[in-house]
Amino acid sequence: MQIFDYQVPIPEVGFNANVYLIKLENSESILVDAGPNAPQALDALEATLKKAEVSWDSIRHILVTHGHYDHYSFAAQIVERSGARVWVHPADRHKLTNASDNPFFVNQEAVFPFLEKLGVQKAKIANLIEEVITSERGYKPLSESCISFLSQGTDLRFPGLTIKVIHTPGHTPGSCCFQLVENGAVFTGDTLLTQVTPNPVFDIYGEERDLSLVRLQESMTKIRRLRASRAYPGHGKPILEIDRAIDGQFSRMGKRCEQVLQILGTKRLDTFSIANELFPSGGRYHTWLALSETLGHLGWLRIQKRVRIRRNAGIVYWEVQ
Ligand SMILES: [Zn+2]
Ligand SMILES: [Zn+2]
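Owing to the predicted nature of the structure, the values given are computational and were not obtained by experimental measurement.

Moving on: the pairing of strand β14 (residues 315–320). Relative to β14, strand β12 (residues 269–270) runs antiparallel, the two being bridged by 2 bridges. Within β14, the position partnered with L269 by the bridge is W318. Two strands pair when backbone bridges link them, and strand β13 (residues 307–312) and β14 are joined in this way by 6 bridges, in the antiparallel orientation. Counted as the bridge partner of I309 is W318 from β14. Two successive antiparallel strands, β13 and β14, enclose a turn made up of 2 residues, where A313 displays a positive phi of approximately 50 degrees.

Structure below.
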């Protein structure tokens, strides 16, 4: 078994996404993520196939770490040429297929009450949703028939290689890590990164929507327990000191919590107001991430009983406890 990696620039973002090609002993290959649907994606994959001395037909499986466009949106083209199966956790399926349960495409009304609760003014909500849709549109959806589902603890067995699936929600509800049993290496997607803190992107479903950061922390602890030999992240270089990387993330999250508490002071504020103070230069699509980051830290503080919620006229307000 051999691992080859390549990077694809993410359009309009200014950094790269990693794609990994695992060549099996029978010369079949597996991709971990497919990268963004960028102009460079095809050349980068072809160069890697050449380097690995395998053909398009050798690509039998694409394991998707999570349903963000920078990790899956080139998958449809790869499937067309290779017939590969795409594996994703069911909780992120709708992101790949634009399925009918993706409210951004079919029922935006469902998103309104949630954003209003966060304190986003009605007039701004339509813009915010449009930004999310624009960023997700334009990616060729995958057909349901080429998708298989990943589940926690499953062993995927290939010639000479077993891959353990670890469900690590937090960054997205369906984020997964993949550990190679033979050498202990783990592919972490965006659940463990070193250059940036993974964003606990909130889900608009479910009851405890402020707990995505808490879930992300639990997932990082899961990764720590794997005692992996190295981590291959979705962005940036391989991580050799995994414990240190995780400690670094926890310390960054702790610092941000202190910032949130400072902003709150003795005031009672809604989530959107806190997000605007925490990220004063927030662009438009960035607003969604700023809201996620803020809500995630507030949820963690709530669990620690350092902040509490007060509701008024349908809006959730936060205050120091
Ligand atoms: Zn991501
Ligand atoms: Zn990413």
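In this fold, L269 is placed in strand β12. What makes L269 partly exposed here is the crowd of 19 C-beta atoms within 10 Å. Residues L269 and V316 lie 47 residues apart in sequence; the distance between their C-alpha atoms is 8.3 Å. Those residues in contact with L269 that sit more than four places away from it in its chain are L264, I274, Y317 and W318.

With that settled, the discussion passes to the environment of V214. Following the sequence through the fold, V214 ends up in helix α8 (residues 212–225). When the C-alpha positions of V214 and F202 are compared, they lie 11 Å apart, and in sequence the two are 12 residues distant. Aside from chain neighbours lying at most four places away, what touches V214 is G299, W300 and I303.

Our next topic: the sheet that holds strand β7 (residues 155–158). A sheet is described by the order of its strands in space; here 5 strands give the open sequence β7-β8-β9-β10-β11, paired in mixed fashion. Where the open sheet ends on each side, the last strands, each with one partner, are β7 and β11 (231–233). Each strand axis lies, on average, 25 degrees off the axis of its neighbour in the sheet, ignoring direction. As paired strands, strand β9 (residues 176–180) and strand β10 (residues 186–189) are joined by 2 bridges and run antiparallel to one another. Directly across from Q179, in β10, lies its bridge partner V186.

Structurally, L21 is set in strand β2 (residues 16–23). Setting aside its immediate chain neighbours within four residues, L21 contacts F4, S29, L31, T48 and A52.

As a further point, take the sheet that holds β14. Reading across from one edge, β12-β14-β13 is the order of the 3 strands in this open sheet, with antiparallel pairing throughout. A single partner strand is all that each edge strand has here, and the edge strands are β12 and β13. Set on the sheet, helix α9 (residues 242–264) makes contact with β12, β13 and β14; between it and β14 the angle comes to about 100 degrees.

Turning our eyes to something else, we now look at the pairing of β2. With respect to burial, β2 is a largely interior element, 8 of its 8 residues being buried. Both strand β1 (residues 2–9) and β2 contribute to a ladder of 8 bridges, which runs antiparallel. Note that in β2 the partner of D5 across the bridge is Y20. Hairpin connection between β1 and β2: a loop of 6 residues separates the two successive antiparallel strands, and E12 in this loop has a positive phi of roughly 65 degrees. One ladder, built from 4 bridges, connects β2 with strand β3 (residues 29–32); its direction is antiparallel. Bridge pairing in β3 links I22 to I30.

Here we come to unusual backbone geometry. The phi torsion at D33 lies on the positive side, around 70 degrees, for a residue other than glycine. Positionally, D33 belongs in the loop between β3 and α1 (41–52). Residue classification places D33 among the buried residues on the basis of 26 C-beta atoms within 10 Å. Although it is not a glycine, A313 adopts a positive phi angle of roughly 50 degrees. By secondary structure assignment, the location of A313 is in the loop between β13 and β14.

The next thing to look at is the packing of α9 against helix α10 (residues 271–278). The N-to-C vectors of α9 and α10 enclose an angle of 115 degrees; their axes lie 10 Å apart at closest approach. Put simply, α9 runs roughly perpendicular to α10. Between α9 and α10 lies a crossing whose hand is right-handed. Across the interface between the two elements, Q259, V260 and I263 from α9 touch I274, E277 and L278 from α10. Classifying every residue of the contact of α9 with α10 by side-chain character gives 4 nonpolar, 1 polar and 1 charged.

Once that is clear, we can look at α8. With 14 residues, α8 should cover 20 Å at 1.5 Å per step; its first-to-last C-alpha distance of 20 Å lies within 8% of that length. Looking only at α8, the buried set comprises S212, L213, R215, L216, Q217, S219, M220 and I223. Looking one or two places after α8, you find R227, whose phi comes out positive at around 50 degrees.

Criteria and cut-off values
Residues numbered from 1 in each chain as written. Chains lettered and ligands numbered in written order. Predicted model: local features only at pLDDT ≥ 70, side-chain atom pairs only at ≥ 80, totals over all residues. Pairing = 2+ DSSP bridges. Helix = DSSP H or I, 4+ residues; strand = E, 2+ residues; numbered from the N terminus. Buried ≥ 20, exposed ≤ 12 C-beta atoms within 10 Å, placed from the backbone. Contact = placed C-beta atoms within 7 Å. Axes fitted to C-alpha atoms, helices over the stretch in contact; angles between N-to-C directions. Parallel < 35°, antiparallel > 145°, perpendicular 65-115°, else oblique. Left-handed = near helix turned anticlockwise from the far one by under 90°. Nonpolar A, V, L, I, M, F, W, Y, C, P; charged D, E, K, R; others polar. Expected span 1.5 Å × (residues − 1).

Nothing here speaks to function; it is geometry throughout.
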